[in-house]
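Residue-level structural notes
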Amino acid sequence: DRRVILWDAKSGDAVREFSGHRNTVYGLAFSERHGEPGAAPLLIAGGFDRTLRVWDTDSTATVRLLQGHDAAVNGIAVHGDQLYSASSDGTVRRWDLSLPYQRLLDLGAEPASVAVSPNGRLLSVGFANGGLSIYSLPGLSMVWHTDLAHGEEVQRQAFSADGSLLATGGFDTVARTWRVLPGGALEPLRTLTGHHDAVHDVAFSPDASILATAGYDGRIGLFDTNSGAASFIESMGRGQVLSVAFDPGGQLVFAANRDDGKIGVWDIMRDPPLLIRDLEVSRDLLMWAEPDADGRQLAAVGRDYVISVLDASDGTRRYLLPGHENAVFKARYLFGGGQLATVSVDATVRLWDLATETELFALRLPTGQGPPSPLWDFDMRCTATGCWLAVPLTRGKLALYNLGNTGVPTP
């Protein structure tokens, strides 16, 4: 039945139940937490779904999901902090149980969006019911919450470059800005109005003087973060605008238009803003356009399953990365710009190395496929506390991974 049950051997009572495997469970083993005296042991299970799952025996939370076998895992052995797994694919694999952690947090409500702070110490989670929560990293304790951030779903979020501000955009047609206080609590600053439909994305300029918004109404909003004064760029009937992002100088805004499959490059220092380039990307629903750190290339994703990486100056296609098995929702460049992370309705996050044009790994998320989509948003940010990957899952869970320390200086 795909479950693992922990029993009290003396009383015969079932103590806890562990779930997550998607097929028959074969192998089981316990492991002590090395370097954590007094901590509850880990429980490890391998299954016909080709994965190994590691649970915390106190909370039943999944703390690792190990993927790599090509067939059923049917034998497990633990020696020290090393895990060995035997599989019907004809291999034995060795895993380090001290790998960066993986958490699956039950939020109690349906999450819709996430953002990791630049210093890697805070995680903001927006909910489908309009709520907003701030959690500390790595402990994931809630430090602040409101049920009334927006009247409807909190669709997207963004921190300013210095982490002092947070912006949220919602299905209630408004964007909001918040001051991040010491300790992580938020202080509401401005409610930014003027869109006639849902706000799908928000982005701060590098100096946080301007907040750009992308609207289902086909317009780009430009708001002065100090005064709240607004101006709007009309997309001239080109369809919904699904993402906005600034170049490093804060002069250009890159906007992904859903229906015409083009990235508009707008010079917002002109009055009125001038469309200086129109980069054609996709013939099938462009979902997101993401510039790298120097603004020289753009990653574009959508319903055509592939990732296109373009030269931002003329639209020349530099890379075409196939691998996802369904529509791709969003892309994120990592520190340095040589790697790119993408998330798809196929329930995977994939990390790409652009120098070799190869997929480094595919992380299959602990959720099922099929409509309605199990996820929509994600954030991945490399900080002094590690590379954090956060994915809100529509079934009320947050998948959080720390993929290791990178030595990136703290902002």
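Residues numbered from 1 in each chain as written. Predicted model: local features only at pLDDT ≥ 70, side-chain atom pairs only at ≥ 80, totals over all residues. Heavy atoms only, no water.

The subject of this paragraph is the overall build of the protein. Along the protein, the regular secondary structure elements total 0 helices and 37 strands. For the protein, whose C-alpha radius of gyration is 22 Å, the value lies close to the compact-globule estimate of 22 Å for 411 residues. In terms of principal-axis extent, the alpha carbons of the protein reach across some 75 × 45 × 40 Å. Expressed as a percentage of the 411 residues in the protein, the buried residues total 55%. The long-range fraction of contacts in the protein, counting pairs at least 24 apart against all pairs at least 6 apart in sequence, stands at 41%. Each charge class in the protein can be summarised by its mean position, and for the 35 positive and 48 negative side chains these summaries are 2 Å apart. (Helix = DSSP H or I, 4+ residues; strand = E, 2+ residues; numbered from the N terminus. Rg over C-alpha atoms; globule rule 2.2 N^0.38 Å. Buried < 20%, exposed > 50% of the residue type's maximum accessible area, 1.4 Å probe, protein only. Contact = heavy atoms within 4.5 Å. Lys, Arg positive; Asp, Glu negative; His and termini not counted. Charge placed at Lys NZ, Arg CZ, Asp CG, Glu CD.)

Taken as a whole, this structure holds 1 disulfide when the rule is applied. A disulfide bridge connects Cys382 with Cys387, and the sulfur atoms are separated by 1.9 Å. Given an S-S torsion of about 100°, the disulfide between Cys382 and Cys387 has right-handed geometry. (Disulfide = S-S within 2.5 Å.)

With that settled, consider the nonpolar core. Generally speaking, soluble globular proteins have nonpolar side chains that are buried together. Membership of the largest hydrophobic core comes to 26 residues, with the highest contact counts inside it found for Val349, Leu375, Phe378, Leu389 and Val391. Mapped by element, the contributors of at least two residues to this core are strand S32 (339-344), strand S33 (348-353), strand S35 (379-383), strand S36 (386-393) and strand S37 (397-402). Examining the composition of this core, we find that 4 residues originate from one element, S36, more than from any other. Look past the residues within four positions of Leu375 in its chain and what remains in contact with it is Phe329, Val343, Ser344, Ala347, Leu365, Val391, Pro392, Leu393 and Thr394. Core analysis: the next-biggest nonpolar cluster, separate from the first, contains 14 residues, Leu123, Val125, Tyr135 and Trp388 among them. (Core = buried A, V, L, I, M, F, W, Y, C linked by side-chain atoms within 4.5 Å.)

Reading across from one edge, S23-S24-S25-S26 is the order of the 4 strands in this open sheet, with antiparallel pairing throughout. Pairing within the sheet leaves two strands with one partner each, and these edge strands are strand S23 (241-246) and strand S26 (274-280). Taking each pair of neighbouring strands and ignoring which way they run, the sheet shows an average axis angle of 20°. (Pairing = 2+ DSSP bridges. Axes fitted to C-alpha atoms, helices over the stretch in contact; angles between N-to-C directions.)

The share of residues in the protein with pLDDT of 70 or more is 93%, and the mean pLDDT across the chain is 89. In the predicted structure, residues 406-411 sits below a pLDDT of 50 and forms 13 contacts with residues beyond four places in sequence or in another chain. (pLDDT = per-residue confidence, 0-100.)

With that settled, the discussion passes to the pairing of strand S16 (residues 165-170). Where burial is concerned, most of S16 is hidden: 6 out of the 6 residues are buried. Burial along S16 is two-sided: Leu165, Ala167 and Gly169 facing one way and Leu166, Thr168 and Gly170 facing the other are all buried. Adjacent in sequence and paired antiparallel, strand S15 (residues 154-159) and S16 are bridged by 5 residues, among which Gly163 carries a positive phi angle near 75°. Here 5 bridges tie S16 to strand S17 (residues 175-180), and the two strands are oriented antiparallel to one another. Pairing of Leu166 across the sheet is with Trp178, part of S17. In sequence, S16 turns back onto S17 through a hairpin of 4 residues, with Thr173 there showing a positive phi of about 80°.

Let us now look at the sheet that holds strand S19 (residues 199-204). Spatially, the 4 strands line up as an open sheet ordered S19-S20-S21-S22, and their pairing is antiparallel. If you trace the sheet from one side to the other, it starts and ends with S19 and strand S22 (230-234), each paired once. Taking the axes of each pair of neighbouring strands and ignoring which way they run, one obtains an average angle of 20° across the sheet. Bridge count between S19 and strand S20 (residues 210-215): 5 bridges; the pairing is antiparallel. Across the sheet, the residue bridging to Asp201 is Ala214, located in S20.

For the rest of this paragraph, the subject is a nonpolar patch on the surface. Judged by side-chain polarity, Leu360, Phe361 and Leu403 come together as a nonpolar surface patch covering roughly 230 Å² of accessible area. Along the chain, Leu360 turns up in strand S34 (residues 358-364). Taking relative accessible area as the criterion, Leu360 reaches 42% and is therefore assigned partly exposed. (Patch = residues over 30% accessible without salt bridge, like charges linked within 9 Å, V, L, I, M, F, W, Y side chains within 5 Å. Areas by Shrake-Rupley, 256 points an atom, 1.4 Å probe, with all protein chains shown as cover. Salt bridge = Lys/Arg side-chain N within 4 Å of Asp/Glu carboxyl O.)

This part takes up the packing of aromatic side chains. Evaluation of the coordinates by the stated rule reveals 6 aromatic pairs. Ring centres of Tyr26 and Phe48 lie 6.3 Å apart, and the angle between their planes is 65°; this geometry places the pair in the edge-to-face category. Of this pair, Tyr26 sits in strand S3 (residues 25-31) while Phe48 sits in the loop between strand S4 (42-47) and strand S5 (51-56), placing them 22 residues apart in sequence. Between Trp144 and Trp178 the ring centres are 5.7 Å apart and the planes differ by 70°, which places this aromatic pair in the edge-to-face class. Residue Trp144 is found in strand S14 (residues 142-146), and its partner Trp178 is found in strand S17; the two are separated by 34 residues along the sequence. When sorted by exposure, Trp144 lands in the same class as Trp178, which is buried. Lying across the ring of Phe232, Arg219 places its NZ or CZ 4.1 Å from the centre. (Phe/Tyr/Trp six-rings, centres within 6.5 Å; stacked < 30°, edge-to-face > 60°. Lys NZ or Arg CZ within 6 Å of the ring centre and 35° of its normal.)

This part takes up the side chain of Asp377. Looking at where Asp377 falls in the secondary structure, it is placed in the loop between S34 and S35. The buried category is assigned to Asp377, whose relative accessible area is 0%. There is a polar contact of 3.0 Å between the side chain of Asp377 and the backbone nitrogen of Val114. Within polar-contact distance, the side chain of Asp377 engages the side chain of Arg156 at 2.6 Å. Here Asp377 is in contact with Ala112, Ser113, Val114, Arg156, Lys330, Val391 and Pro392, once residues within four sequence places are set aside. (Polar contact = N/O pair within 3.5 Å; in protein donor to acceptor, adjacent residues only side chain to side chain.)

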